[in-house]
Amino acid sequence: EAGVTQFPSHSVIEKGQTVTLRCDPISGHDNLYWYRRVMGKEIKFLLHFVKESKQDESGMPNNRFLAERTGGTYSTLKVQPAELEDSGVYFCASSQVRGLATGIQYFGAGTRLSVL
Amino acid sequence: DAKTTQPNSMESNEEEPVHLPCNHSTISGTDYIHWYRQLPSQGPEYVIHGLTSNVNNRMASLAIAEDRKSSTLILHRATLRDAAVYYCILRAEYGNKLVFGAGTILRVKS
């Protein structure tokens, strides 16, 4: 069974440009999460989808970030326009169960975003 | 989410057991204790979780103090592949998101 897949693995863009990150969760996982680690900081939660609905977007830093999950399958995270402080590694995770503290989240390898 | 405290780093010799401690003095009665680890250039990976009783799985063991204010992740025989950052995370009963701290960097020497 395929794990969580993220694309691209690395993206280098200039400040002010737009970048779209993609995440393909494990098949059948209704829950999809985005996290990120920026320069020397801890991994931080961004948002949580249940199927195509945003369950929790409390971690989204500002309105330059837009996450979508049309059809409840793959998700995209768009940064427009990108700023230098957006550089970091963006992780996607998926899980089967919701609302249970026992649910395991499976992570992708991440997308490393470099904004120059 | 309740806070956890872990040592910044630890070192172990290959083939020896490793005990990674975690303090969570403000844990509530319904918080689960989860451990994830992050190998170099990879995303975090689930290791184990528990509530009150000690737990074992193929990767590790989790020993939980009787008052639940601390726990220890035990790797029975460390290998070079176990070198990673280990995160101790508390999850509320109906919690969804994971709240990561700085974790413990585990170095394994051959």
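Look a little higher up for the structure.
Asks: Any details on the overall build of chain B? Residues and values, ideally.
Replies: Tallying secondary structure elements over chain B gives 0 helices and 9 strands in all. Secondary structure of chain B in N-to-C order comes out as β-β-β-β-β-β-β-β-β. Scaling as 2.2 N^0.38, a compact globule of 110 residues should have a C-alpha radius of gyration of about 13 Å, and chain B matches this with 13 Å. C-alpha atoms of chain B, sized along the principal axes, occupy 40 × 30 × 25 Å. Going through the 110 residues of chain B one by one, you find that 46% of them count as buried. Total accessible area on chain B stands at roughly 5400 Å², and carbon and sulfur atoms take up 48% of it. Distance between charge centres in chain B, computed from 11 positive and 11 negative side chains, equals 4 Å.

Asks: Lay out the sheet that holds strand β3 (residues 19-24) of chain A with the relevant residues and their values.
Replies: Residues and elements named next belong to chain A. Ordered in space as β1-β3-β8-β7, the 4 strands form an open sheet in which the pairing is antiparallel. A single partner strand is all that each edge strand has here, and the edge strands are β1 (5-7) and β7 (65-68). Ignoring which end each strand starts from, the neighbouring axes of this sheet average 15 degrees apart. Strand direction decides the pairing type here: β1 and β3, joined by 3 bridges, are antiparallel. Bridge assignment links T5 to a residue of β3, and that residue is D24.

Asks: Quick one: what's the story with the state of the cysteines, residue by residue and with numbers?
Replies: Residue and element names in this part refer to chain A. Applying the stated rule across the entire model yields 2 disulfides over all chains. Each sulfur in the disulfide pair C23 and C92 lies 1.8 Å from the other. In this structure the cystine formed by C23 and C92 twists about its S-S bond by roughly -65 degrees; its chirality is therefore left-handed. Of the two residues, C23 sits in strand β3 while C92 sits in strand β9 (residues 88-95), which places them 69 residues apart along the sequence. Assigned by exposure class, C23 and C92 land together as buried.

Asks: Give me the lowdown on the pattern of salt bridges, citing residues and values where you can.
Replies: One pass over the full model with this rule turns up 7 salt bridges over all chains. For E11(B), the salt bridge goes to K109(B), with nearest N and O atoms at 3.3 Å. On the criterion of sequence distance, the pair formed by E11(B) in strand β1 (residues 9-13) and K109(B) in strand β9 (residues 104-109) is long-range, its members being 98 residues apart. A relative accessible area of 52% places E11(B) in the exposed class. K109(B) sits in the partly exposed class, given a relative accessible area of 38%. Its salt-bridge partner being E45(B), residue R37(B) comes within 2.9 Å of it at the nearest N-O pair. We classify R37(B) as buried; its relative accessible area is 5%. Put simply, R36(A), R64(A) and D86(A) are held in one network by salt bridges that share partners.

Asks: Describe the pairing of strand β6 (residues 61-64) of chain B, with residues and values.
Replies: Residues and elements named next belong to chain B. Two strands pair when backbone bridges link them, and strand β5 (residues 55-56) and β6 are joined in this way by 2 bridges, in the antiparallel orientation. Looking across to β6, one finds that V55 is bridged to L62. Hairpin geometry of β5 and β6 is characterised by an intervening segment of 4 residues between the two adjacent antiparallel strands. Summarising the sheet, β6 and strand β7 (residues 70-75) pair through 4 bridges and their orientation is antiparallel. Bridge assignment links A63 to a residue of β7, and that residue is T72. Linking β6 to β7, which pair antiparallel, is a turn of 5 residues; within it R68 sits at a positive phi near 65 degrees.

Asks: Report on the environment of T4(B), specifying residues and quantitative values.
Replies: Residues and elements named next belong to chain B. Inspection of the secondary structure assignment puts T4 in the segment before β1. The contact partners of T4, leaving out residues within four places of it in the chain, are C22, N23, H24, C88 and L90. Within the structure, the side chain of T4 is placed 3.0 Å from the backbone oxygen of C88, a separation counted as a polar contact.

Asks: Go over the side chain of R36(A) with me, naming the residues and quoting the values.
Replies: All names here are of chain A. Secondary-structure assignment places R36 in strand β4 (residues 31-38). Of the residues examined, R36 reaches a relative accessible area of 13% and is grouped as buried. A polar atom in the side chain of R36 sits 3.0 Å from the side chain of Y90. If we skip the residues at most four places from it in the chain, R36 touches E42, I43, K44, L46, P61, F65, E85, D86, V89 and Y90.

Calculation notes
Residues numbered from 1 in each chain as written. Chains lettered and ligands numbered in written order. Predicted model: local features only at pLDDT ≥ 70, side-chain atom pairs only at ≥ 80, totals over all residues. Heavy atoms only, no water. Helix = DSSP H or I, 4+ residues; strand = E, 2+ residues; numbered from the N terminus. Rg over C-alpha atoms; globule rule 2.2 N^0.38 Å. Buried < 20%, exposed > 50% of the residue type's maximum accessible area, 1.4 Å probe, protein only. Areas by Shrake-Rupley, 256 points an atom, 1.4 Å probe, with all protein chains shown as cover. Lys, Arg positive; Asp, Glu negative; His and termini not counted. Charge placed at Lys NZ, Arg CZ, Asp CG, Glu CD. Pairing = 2+ DSSP bridges. Axes fitted to C-alpha atoms, helices over the stretch in contact; angles between N-to-C directions. Disulfide = S-S within 2.5 Å. Salt bridge = Lys/Arg side-chain N within 4 Å of Asp/Glu carboxyl O. Contact = heavy atoms within 4.5 Å. Polar contact = N/O pair within 3.5 Å; in protein donor to acceptor, adjacent residues only side chain to side chain.

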